[in-house]
There are 2 protein chains.
Amino acid sequence: MAVVKSMAVRALKLSPAVSFRLSRCGGGAKPLSVKSFSTVMSPPSKAIVYDQHGSPDSVTRVVNLPPVEVRENDVCVKMIAAPINPSDINRIEGVYPVRPPVPAVGGYEGVGEVYAVGSSVNGLSPGDWVIPSPPSSGTWQTYVVKEENVWHKIDKTCPMEYAATITVNPLTALRMLEDFVPLNSGDSVVQNGATSIVGQCVIQLARLRGISTINIIRDRVGSDEAKEKLKALGADEVFSESQLNVKNVKSLLGNLPEPALGFNCVGGNAASLVLKYLREGGTMVTYGGMSKKPITVSTTSFIFKDLALRGFWLQNWLSMDKVKECREMIDYLLGLARDGKLKYETELVPFEEFPVALDKALGKLGKHPKQVIRF
Amino acid sequence: MAVVKSMAVRALKLSPAVSFRLSRCGGGAKPLSVKSFSTVMSPPSKAIVYDQHGSPDSVTRVVNLPPVEVRENDVCVKMIAAPINPSDINRIEGVYPVRPPVPAVGGYEGVGEVYAVGSSVNGLSPGDWVIPSPPSSGTWQTYVVKEENVWHKIDKTCPMEYAATITVNPLTALRMLEDFVPLNSGDSVVQNGATSIVGQCVIQLARLRGISTINIIRDRVGSDEAKEKLKALGADEVFSESQLNVKNVKSLLGNLPEPALGFNCVGGNAASLVLKYLREGGTMVTYGGMSKKPITVSTTSFIFKDLALRGFWLQNWLSMDKVKECREMIDYLLGLARDGKLKYETELVPFEEFPVALDKALGKLGKHPKQVIRF
């Protein structure tokens, strides 16, 4: 990011075809037709682009992109805010199984305001707030042009930092609570990585359903403070891993029922702790691997304890042609955020300071809240 | 087994209550009532008994048990044959989660001939061949008295060694093919421990359904011979573990489709090989852990490959009140065995030589076929 850090932004020398792809990511490949009336064009856009895969702080740069045509079904959106998620970093690194072809604009979710609409667009008007839903590549730029059906109009009363981040993390938490084990009020779930945004959302969404949460966090300086924060969100029990270094973790259940569902985003010992908590026939869902350690399971856990291990990947779920269902859930989650029933910490960072936000997201500057670019 | 080896059988000094429990395992606790007519009694029985948990070759002994009453709903069965299964050994060792209270008679499945029936028994007659179905503790004895509903009458034309062993292993193979993933003709499954009886049954039962099998066996002296044996049973591909030490095991699939279902009875590297073969969204079912090594799985296998890991325990399935379904499947399997469509090796051993059979079953005398006691 040396170029960006010095703000010596240089325009990409892009062929028209590449330029088209960059600013119209996901917009299909319709032939451009010469029109007899004046063509609507987007403003020029400033974007975080990577031409090749690699470490994000070395392969990304700010690029000025020329205006593109806003065709009849297109909507031009002036981006308001977009987060830097770990999956965005993995896409740039080239280690994510599904990723746009390079060169590409970074980012996958975010919120923007409609700036201009094509002649056939009926459902959206300038001034509306929209999010790409399902999420869609290329949100790290000032103006995004995509077809109308990419965009979902949202309630403008929801704080922008939640609107920008509502899909990737909160929707993961919601789907994981819905898709694997039928849960009723009075049940419990167990999870590691509980301080992650998904973890915080699990706590709050579970509580709204009358479901208790048993939360496992890393041992670290400030873990008492982290415990208090999670309890303030509604966590029933919060343990650091070392506290669970006991023969029978279930002796620590207190009045809570044994959980039938567990979530793992850490791997290694933290995953084993989730498994230990599960009741017979329980399911552990893995959605991350922060420790970079694999999951190790005894044979008897499968045979005699009848545990099931599954995985969750939001992108896989979203690919199942569930646009309507996805948007209904997004509205539900945004409503909770607006009403203060779903909370998590983010840090808004001006677009100009993207390199610093990226360094924070990469963990190079200690622990920071989720970085959200403010355009 | 020193006492047994010298055949210096001594009668247990049992209280009537204990004696009752030993020869009526599972027979419930009805009050004995003095009857005005002559009471039917079983012959005295000779049984393999363990008074405490421990190594089977030190805690088991032959015990002469006194006659017990054959009550109105009881059936007295003269046992013909019963196998020594690994789970029998685990029960004696005390490491099996569900096990009879000690003192207990060993064994869990077997075949016998009806010797006498109680006055209210209508469905069975002396001379019928029966198996306890679902299986039931205490088959390692010459006469077993249990209620009529314990026993399932079978076709006498089935070879006794198959009748004695049809439930624990073949039924496991059948259920695992049925219960986890819908399979159609043309599909494939992958398994390790393919030379086990369950493994051999999987090969044959899959083939009858038009399902191909990819089989993984240990590297050992005679593995070429083992491969040929499995291929003669219908195995499509058989690999030793070292052959699969390649970057992409799927390059060895040939014309077979990627399997959606895998079976693991080994753990460790052999389980990882099964996982590598599975297609996206596939399921691995663990039903044994012969290597005594755990199963290690990467985070990405769950998230991006959407693998599911489950377990199968026949005893758990049987506890689901599926007597009728269980017996229908047993009849199906016995029919296959009778017609030579389901084959596996066993070694019939006279009851008097139980200690040698036990040593073979414990692996102390090299590799031997499944040991089946012939009463």
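The structure displayed is predicted, hence computed values, not measured ones. (Residues numbered from 1 in each chain as written. Chains lettered and ligands numbered in written order. Predicted model: local features only at pLDDT ≥ 70, side-chain atom pairs only at ≥ 80, totals over all residues. Heavy atoms only, no water.)

Counting secondary structure elements, chain A contains 13 helices and 17 strands. Of all intrachain contacts in chain A linking residues separated by at least 6 positions in sequence, the fraction that spans at least 24 positions is 74%. If you sum the accessible surface of chain A, you get close to 15,400 Å²; carbon and sulfur atoms cover 52% of it. (Helix = DSSP H or I, 4+ residues; strand = E, 2+ residues; numbered from the N terminus. Contact = heavy atoms within 4.5 Å. Areas by Shrake-Rupley, 256 points an atom, 1.4 Å probe, with all protein chains shown as cover.)

Here we come to the interface of chain B and chain A. Each partner contributes to the interface: chain B provides 26 residues, whereas chain A provides 26 residues. Across the chain B to chain A interface the summed buried area is about 2,100 Å²; carbon plus sulfur atoms make up 64%. In terms of surface lost to chain A, no three residues of chain B exceed F302, I303 and F304 of chain B, which account for 28% of the buried area on that side. Along the contact surface separating chain B from chain A lie 0 salt bridges. Across the contact surface, chain B and chain A share 3 residue pairs in polar contact (both at pLDDT 80 or more). (Buried area = accessible area lost by both parts, 1.4 Å probe. Salt bridge = Lys/Arg side-chain N within 4 Å of Asp/Glu carboxyl O. Polar contact = N/O pair within 3.5 Å; in protein donor to acceptor, adjacent residues only side chain to side chain.)

The next thing to look at is the relation of the copies chain B and chain A. Aligned on chain A, chain B shows an RMSD of 0.1 Å; the corresponding rotation is 180° and the shift along the axis is 0.1 Å. A rotation of that kind, with that shift, is consistent with a two-fold axis. Residues of chain B ranked by C-alpha distance from the rotation axis are headed by T296 of chain B, positioned 2.1 Å from it. With an isologous cut-off of 70% or more, the 100% of interface residues of chain B that recur at the interface of chain A puts this contact in the isologous class. (Least-squares fit on C-alpha atoms with pLDDT ≥ 70 in both.)

An α-helical turn contains 3.6 residues, so any two residues separated by three or four positions project in the same direction. Residue and element names in this part refer to chain B. Counted residue by residue, helix α13 (residues 354–361) has 6 buried out of 8 residues, so it is predominantly covered. The set of residues buried in α13 consists of F354, P355, A357, L358, D359 and K360. The positive-phi residue at the C-terminal boundary of α13 is G363, with phi of around 80°. (Buried < 20%, exposed > 50% of the residue type's maximum accessible area, 1.4 Å probe, protein only.)

When pLDDT is averaged across chain A, the result is 90; 90% of the residues are at 70 or more. Under a pLDDT of 50 for its full length, residues 25–36 of chain A has, in the predicted model, 15 contacts with residues more than four places off or in other chains. (pLDDT = per-residue confidence, 0-100.)

Before going further, it helps to examine the side chain of S133 of chain A. The residue S133 of chain A is located in the loop between β6 (129–132) and β7 (143–147) in this model. Excluding its chain neighbours within four sequence positions, the residues that come into contact with S133 of chain A are N149, V150, H152, V323, C326, R327 and I330 of chain A.

With that settled, the discussion passes to the sheet that holds strand β4 (residues 104–105) of chain B. Residues and elements named next belong to chain B. Strands sit in the order β2-β1-β4 across an open sheet of 3 strands; the sheet is antiparallel. In this open sheet, the two edge strands, each paired with only one partner strand, are β2 (60–65) and β4. Examined bridge by bridge, strand β1 (residues 45–50) and β2 share 6 bridges and lie antiparallel to one another. The residue of β2 that forms the bridge with V49 is R61. (Pairing = 2+ DSSP bridges.)

What the 3 strands build is an open sheet, ordered β2-β1-β4 (chain A); its pairing is antiparallel. Either end of the sheet is taken by a strand with one partner, and the two such strands are β2 (60–65) and β4 (104–105) of chain A.

Looking now at the pattern of salt bridges. Scanning the entire structure with this criterion turns up 30 salt bridges over all chains. Close ionic contact of R209 of chain A with E178 of chain A constitutes a salt bridge, the shortest N to O distance being 3.0 Å. Taken together, the positions of R209 of chain A in the loop between α7 (197–208) and β10 (212–217) and E178 of chain A in helix α6 (residues 167–179) put the pair 31 residues apart, joining distant regions of the chain. What makes E178 of chain A partly exposed here is its relative accessible area of 41%. Measuring nitrogen to oxygen at the nearest pair gives 2.7 Å for the salt bridge that ties R338 of chain B to D155 of chain B. Here the residue R338 of chain B occupies a position in helix α12 (residues 323–338), and D155 of chain B occupies one in the loop between β8 (151–154) and α5 (160–165), the gap between them amounting to 183 residues.

Next up on the list: the environment of A271 of chain B. Residues and elements named next belong to chain B. On the secondary structure map, A271 appears in helix α9 (residues 268–277). A271 sits in the buried class, given a relative accessible area of 1%. Counting along the chain gives 78 residues from A271 to G193, while the straight-line C-alpha distance between them is 9.6 Å. A271 has contacts with N192, N264, M284 and I295, leaving out every residue within four places of it along the chain.

Further remarks concern unusual backbone geometry. Residue P134 of chain A is reached from S133 of chain A by a cis peptide bond, and omega for that bond is -5°. Tracing the backbone through its elements, the reader meets P134 of chain A in the loop between β6 and β7. A cis amide bond links V102 of chain B to the next residue, P103 of chain B, at an omega of -5°. Counting through the fold element by element, P103 of chain B comes out in the loop between α4 (86–93) and β4. Positive phi outside glycine occurs at K292 of chain A, with the angle close to 60°. Position of K292 of chain A among the secondary structure elements: in the loop between β13 (283–286) and β14 (295–297). Classification of K292 of chain A by relative accessible area gives exposed; the value is 77%.

Residue and element names in this part refer to chain A. In terms of residue burial, strand β3 (residues 74–83) counts as a mostly covered element, since 9 of its 10 residues are buried. Where β3 meets β7, 5 bridges bridge the pair, whose relative direction is antiparallel. From the neighbouring strand, V77 faces β7, where its bridge partner is V144. Relative to strand β17 (residues 370–374), β3 is paired through 3 bridges, and the arrangement is antiparallel. Note on β17: the bridge partner recorded for A81 is R374.

Attention now moves to helix α7 (residues 197–208) of chain B. Residue and element names in this part refer to chain B. Look at α7: 17 Å from first C-alpha to last across 12 residues, which is about the 16 Å you get at 1.5 Å a residue. Most of α7 is tucked away, with 10 of its 12 residues classed as buried. Two residues or fewer after α7 comes G210, characterised by a positive phi angle close to 75°. (Expected span 1.5 Å × (residues − 1).)

Here the focus is the packing of helix α6 (residues 167–179) of chain B against α7 of chain B. Two packed helices can be described by the angle between their axes and the distance between those axes. Residues and elements named next belong to chain B. Orientation of α6 relative to α7, taken along the N-to-C sense of each, is 50°, at an axis distance of 8 Å. In terms of orientation, α6 and α7 fall into the oblique class. Seen along the crossing, α6 lies across α7 with a hand that is right-handed. Contacts between α6 and α7 pair N169, P170, T172, A173, L174, M176 and L177 from the former with I197, V198, C201, V202, L205 and A206 from the latter. Classifying every residue of the contact of α6 with α7 gives 11 nonpolar, 2 polar and no charged. (Axes fitted to C-alpha atoms, helices over the stretch in contact; angles between N-to-C directions. Parallel < 35°, antiparallel > 145°, perpendicular 65-115°, else oblique. Left-handed = near helix turned anticlockwise from the far one by under 90°. Nonpolar A, V, L, I, M, F, W, Y, C, P; charged D, E, K, R; others polar.)

For the rest of this paragraph, the subject is the environment of W317 of chain A. Mapped onto the secondary structure, W317 of chain A falls in helix α11 (residues 314–318). Beyond its immediate sequence surroundings of up to four residues, W317 of chain A is in contact with R175, D179, F312, K322, E325, C326 and M329 of chain A.

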